[in-house]
Amino acid sequence: MVTFLSGGTGTPKLLSGADAVFEPADATVVGNTGDDVELGGHLVCPDVDTVLYLRGGRLDRDTWWGIADDSATTHGELVDIAEAAGLGTDPRYLDDERQTAGREIARWRRFSGVGEFMHIGDADRAVHVTRTSLIDEGHTLTEATRLLADAFGLTVDLLPMSDDPVATIVHTDSGSMHFQEFWVARGGEPAIESVEFRGSEAATATDAVVDALTDPVVIGPSNPITSLGPMLALDGIREALADTPVVAVSPFVEDTVFSGPADDLMAAEGYEASTAGVAEAYPFADAFVLDEADGTDLDRPVVRTDTRMDDERDAERVARAAREALEGVR
């Protein structure tokens, strides 16, 4: 049995080659939900859906986002109408009162659908409509995710990190904004001052997640701050990780990040933007998988390999390194 903690694209890329190394029926994937938004009334769960589409054989692997060969008729019409009306396509938050009204799971991350600043394909949208409708019928996010996983034929157990709202808010020199505005609408350009996981103090991991964390854990090369940070902010998660074998794959080669804003986010949160900083952020990790060109000297066991993952063969190689590291600490 093994549990993967997943956010962004790093861990999903690892998962794309993991079946040859870890038995799918014995694997659980816990997805970050801090990046979720309610857009035009529909709950969008980007990190959960990347795994859903990957394991369902429908992920767009060019973008690692959305469904392959998806049409976007509705999105295009929303953009055209907004531009014709002079409304633009910038993110449009609902007002403060409405941020905490309605379905609780969407708190602090509600956006109007006018102009739809995130690209949502038509088949992708059908998933969001189904998820939101199931929640409105009284299902939890965990239950809705399991039903969607059944529909997509998943052979791994996919769990959202919590059934409670946790919103990743990035405080910048241009103001405070949800991570999706920061990264999607603004391209990660505003200077980061700090990151807040709003709602985490009251949120809890589900019983299913707590149970999954009794198995050995693999953390892929995801962003330690915004992809893993929301999970680690939940009460009891760090303690659970300290009590089970944990192997982490570094998203850096020394001080060079593979992709995304991990370097700026880590620096803003007081960590060195490097493999050494990742080790500091993960004190519960028992071992690390580092790139063969990464000479960082850590105080924990290290397995080195080529950690770049351009295809499934690459991902299988990194997954084998993760298994070797786990076997060394169990």
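Up top you'll find the structure we're talking about.
Calculation criteria
Residues numbered from 1 in each chain as written. Predicted model: local features only at pLDDT ≥ 70, side-chain atom pairs only at ≥ 80, totals over all residues. Heavy atoms only, no water. Helix = DSSP H or I, 4+ residues; strand = E, 2+ residues; numbered from the N terminus. Rg over C-alpha atoms; globule rule 2.2 N^0.38 Å. Contact = heavy atoms within 4.5 Å. Areas by Shrake-Rupley, 256 points an atom, 1.4 Å probe, with all protein chains shown as cover. Patch = residues over 30% accessible without salt bridge, like charges linked within 9 Å, V, L, I, M, F, W, Y side chains within 5 Å. Salt bridge = Lys/Arg side-chain N within 4 Å of Asp/Glu carboxyl O. Lys, Arg positive; Asp, Glu negative; His and termini not counted. Charge placed at Lys NZ, Arg CZ, Asp CG, Glu CD. Buried < 20%, exposed > 50% of the residue type's maximum accessible area, 1.4 Å probe, protein only. Pairing = 2+ DSSP bridges. Axes fitted to C-alpha atoms, helices over the stretch in contact; angles between N-to-C directions. Arc of directions from axis to C-beta. Expected span 1.5 Å × (residues − 1).

K.L.:
Lay out the overall build of the protein chain with the relevant residues and their values.
P.N.:
For the protein chain, the count of helices and strands is 13 helices and 15 strands. On C-alpha atoms alone, the protein chain measures out to a radius of gyration of 19 Å, which is about the 20 Å that the 2.2 N^0.38 rule sets for 330 residues. Taking the intrachain contacts of the protein chain between residues at least 6 apart in sequence as the baseline, contacts between residues at least 24 apart amount to 68%. When the accessible surface of the protein chain is totalled, it reaches about 13500 Å², and 44% of it is carbon and sulfur.

K.L.:
Break down a negative patch on the surface for me, with residues and values.
P.N.:
Together, Glu254, Asp255, Glu272 and Glu280 line one region of the surface with negative charge. With respect to the secondary-structure elements, Glu254 resides in the loop between strand 12 (252–253) and strand 13 (256–257). Relative accessible area serves as the criterion here: at 36%, Glu254 is assigned to the partly exposed category.

K.L.:
Can you tell me about the sheet that holds strand 15 (residues 302–305), naming the residues and giving the values?
P.N.:
The sheet built from seven strands is open, its strands ordered 6-2-1-10-11-14-15 with parallel pairing. Whereas interior strands pair on both sides, the edge strands pair on one side only; in this sheet they are strand 6 (157–160) and strand 15. Across the sheet, the axes of successive neighbouring strands diverge by a mean angle of 20°, strand direction being ignored. Sheet analysis places strand 14 (residues 287–291) next to strand 15, joined by four bridges and oriented parallel. By the bridge assignment, Val289 is partnered in strand 15 with Val303. Each of strand 1 (2–6), strand 2 (27–31) and strand 6 is contacted by helix 2 (residues 46–55), which is oriented at about 170° to strand 6, the strand it contacts most. Relative to the sheet, helix 13 (residues 312–329) contacts strand 1, strand 10 (217–219), strand 11 (246–249), strand 14 and strand 15, its axis offset from that of strand 15 by approximately 165°.

K.L.:
Let's hear about helix 6 (residues 141–151): which residues, and what values?
P.N.:
For helix 6, the set of buried residues is Leu141, Thr142, Ala144, Thr145, Leu148 and Ala149. Projection of helix 6 onto a plane perpendicular to its axis shows the buried side chains occupying an angular sector of 160°, all on one side. In helix 6, the exposed residues that point more than 90 degrees away from the buried face are Asp150 and Ala151. Tucked inside the fold, the buried residues of helix 6 contact strand 4 (42–44), helix 2, helix 5 (122–136) and strand 6. Count one or two residues on from helix 6 and you reach Gly153, which has phi positive near 70°.

K.L.:
Pulling in residues and values, what's your account of helix 3 (residues 73–84)?
P.N.:
Helix length check: helix 3, at twelve residues, gives a terminal C-alpha distance of 16 Å against a target of 16 Å (1.5 Å per residue), a fit within 8%. Within helix 3, the full set of buried residues consists of His75, Val79 and Ala82. The arc that holds the buried residues of helix 3, viewed along the axis, is 65°, so those residues lie on one side. Exposed side of helix 3, more than 90 degrees from the buried face: Thr73, Ile81 and Ala84 are the residues found there. One or two steps after helix 3, the chain reaches Gly86, where phi turns positive at roughly 75°.

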